[in-house]
Amino acid sequence: MAPLKRLTYSLASAFSNLKKTENFIEQVIYEFQLPPSFKGEISLCILESVKNSMIHGNKLNPEKMVNITAEQYSDRITVTVEDEGEGFDYTVLPNPIGAENILKECGRGLYLMSILSDELKFYSGGRKVVMSFFHKNEDTV
């Protein structure tokens, strides 16, 4: 099934581009006419995924890009974030809440993405993450 709408954005792997990611998120919310309840979930998931791609995937190499695609379907919003890194083993994730990890940044972003999105899938050896958010029974903005 083809999406009703699609927005794409590419950015270099530099922390200074995170504000541009926030602007893209606002554009997605506006263009897709999403209800307010989507804003926090989608915003946090996209920001965490983009930061992971920049830091862990592209090793903050500003010559490597992070690509974001947001698609609107009749029943869901799907967001894909892909980097140019080597990928990672997404089948073995550390427990971010465990005592040994409480003071380290260790899988918290992935954990949040897994509980805030309705569906989380990885492709291309972990270089691509696809997050789905199913429509709730609410009015749009």
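For the structure itself, look to the data block above.
A brief look at the structure comes next.

Rules behind the numbers
- Residues numbered from 1 in each chain as written.
- Predicted model: local features only at pLDDT ≥ 70, side-chain atom pairs only at ≥ 80, totals over all residues.
- Heavy atoms only, no water.
- Phe/Tyr/Trp six-rings, centres within 6.5 Å; stacked < 30°, edge-to-face > 60°.
- Helix = DSSP H or I, 4+ residues; strand = E, 2+ residues; numbered from the N terminus.
- Expected span 1.5 Å × (residues − 1).
- Buried < 20%, exposed > 50% of the residue type's maximum accessible area, 1.4 Å probe, protein only.
- Pairing = 2+ DSSP bridges.
- Axes fitted to C-alpha atoms, helices over the stretch in contact; angles between N-to-C directions.
- Contact = heavy atoms within 4.5 Å.
- Salt bridge = Lys/Arg side-chain N within 4 Å of Asp/Glu carboxyl O.

Turning our attention to the packing of aromatic side chains. To describe a pair of aromatic rings, you give the distance between the ring centres and the angle between the ring planes. Under the defined criterion, the tally for this structure stands at two aromatic pairs. Their ring planes at 20° and their centres at 5.6 Å tell us that Tyr9 and Phe24 sit as a pair that is stacked. Here Phe24 lies in helix α1 (residues 18-31) and Tyr9 lies in strand β1 (residues 5-12), a separation of 15 residues in the sequence. When the ring of Phe88 is compared with that of Phe122, the centres are 5.6 Å apart and the planes differ by 85°; the resulting orientation is edge-to-face. With Phe88 in the loop between β3 (76-82) and α3 (108-116) and Phe122 in strand β4 (residues 119-123), this residue pair connects regions lying 34 residues apart in the sequence.

Below, the discussion takes up helix α2 (residues 36-57). Here α2 contains 22 residues, and its C-alpha end-to-end distance of 31 Å stays within 8% of the 32 Å for a straight helix at 1.5 Å per residue. For α2, the full list of buried residues reads Phe38, Ile42, Ser43, Cys45, Ile46, Glu48, Ser49, Val50, Asn52, Ser53, Met54 and Gly57.

Quick look at unusual backbone geometry now. Despite not being glycine, Gln33 has its phi angle at roughly 50°, a positive value. Despite not being glycine, Ser124 has its phi angle at roughly 50°, a positive value. Position of Ser124 among the secondary structure elements: in the loop between β4 and β5 (128-134).

Quick look at the sheet that holds β5 now. Strand order in the open sheet formed by five strands is β1-β2-β3-β5-β4, with antiparallel pairing between adjacent strands. In this open sheet, the two edge strands, each paired with only one partner strand, are β1 and β4. Strand after strand, the sheet turns through a mean of 15° between neighbouring axes, direction not considered. As defined by bridge partners, strand β2 (residues 65-72) adjoins β3 across six bridges and the pair is classed as antiparallel. By the bridge assignment for β3, Gln72 is matched with Ile77. In the packing of α2 onto the sheet, contacts are made with β1, β2, β3 and β5, and the angle to β5 comes to roughly 175°. Strands in contact with α3 are β4 and β5; relative to β4, the strand with the most contacts, it is inclined by about 130°.

The tally for this structure, following the rule as stated, stands at six salt bridges. Across the pair Lys19 and Glu22 runs a salt bridge, and its minimum N-O distance is 3.6 Å. Residue Lys19 and its partner Glu22 are both found in helix α1; the two are separated by three residues, about one turn of the helix. Overall, Glu22 belongs to the partly exposed group, its relative accessible area being 34%. Of the charged contacts, one joins Arg76 and Asp75 as a salt bridge, the two residues approaching to 2.8 Å between their closest N and O atoms. Taking relative accessible area as the criterion, Asp75 reaches 34% and is therefore assigned partly exposed.

Locating Asn58 in the fold gives a position in the loop between α2 and β2. Not counting residues up to four positions away in its chain, the partners in contact with Asn58 are Ser13, Ser53, Lys64, Met65, Val66, Asp83, Glu84 and Gly85.

Let us look at the environment of Ser53. For Ser53, the position within the fold is in helix α2. In this structure Ser53 comes out as buried when scored by relative accessible area, which is 4%. Setting aside chain neighbours within four positions, we find Ser53 in contact with Asn58, Val66, Val81 and Asp83.

These figures capture arrangement, not role.
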